[in-house]
Amino acid sequence: GRRAQLAEPPPGRREPAQLSIEGSLVSGPVISIVTACYNSARFLDRLHHSLAQQSYRRFEWICVDDCSTDDTLQRLLALPSPGELPMQVYAMPQN
């Protein structure tokens, strides 16, 4: 699977657009799963496994790390995307 990359927050408002993944349009609903993380490293493997086992695969996983003091951010960045869409990881500069 694809590895997560540290994402930049989108500037301004996002306009609706057709979703294209590797050159093909995605049909059907797309789901965004947003997870707020703070010192959550010990839960990430179980959460990732649960998401990877879902039968509906058209989802993105967006994780927001709120200045964790454990290795949450490093572990998030090492995980492959559990769904068909890329995983996004945001690191807050302060909480």
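In this report, the structure presented in the accompanying data block is examined.

Here is what the cut-offs are and how they apply
Residues numbered from 1 in each chain as written. Predicted model: local features only at pLDDT ≥ 70, side-chain atom pairs only at ≥ 80, totals over all residues. Heavy atoms only, no water. Core = buried A, V, L, I, M, F, W, Y, C linked by side-chain atoms within 4.5 Å. Buried < 20%, exposed > 50% of the residue type's maximum accessible area, 1.4 Å probe, protein only. Helix = DSSP H or I, 4+ residues; strand = E, 2+ residues; numbered from the N terminus. Contact = heavy atoms within 4.5 Å. Disulfide = S-S within 2.5 Å.

1. Side note on the nonpolar core
Here comes step 1: Counting residues in each nonpolar core, the largest one holds eleven residues, listed as Cys-37, Leu-44, Leu-51, Phe-59, Trp-61, Cys-63, Leu-73, Leu-76, Leu-79, Met-87 and Val-89.
Here comes step 2: Elements supplying a minimum of two residues to this core: α1 (41-52), β5 (59-65) and α2 (72-78).
Here comes step 3: With three residues, β5 is the largest single contributor of residues to this core.

2. Brief notes about the environment of His-48
Here comes step 1: By secondary structure assignment, the location of His-48 is in helix α1.
Here comes step 2: Using a relative accessible area of 14% as the deciding quantity, one classes His-48 as buried.
Here comes step 3: Residues His-48 and Gly-83, 35 residues apart in the sequence, show an inter-C-alpha distance of 9.9 Å.
Here comes step 4: Excluding anything up to four places from it in sequence, His-48 contacts Trp-61, Leu-79, Pro-80, Ser-81 and Pro-82.

3. So, the state of the cysteines
Here comes step 1: Tallied over the entire structure, the rule returns zero disulfides.
Here comes step 2: For Cys-37, which is in no disulfide, the shortest distance to another cysteine sulfur is to Cys-63 and amounts to 4.9 Å.
Here comes step 3: Exposure remark for Cys-37: the relative accessible area of 3% places this residue in the buried category.

In short, geometric facts, not functional conclusions.
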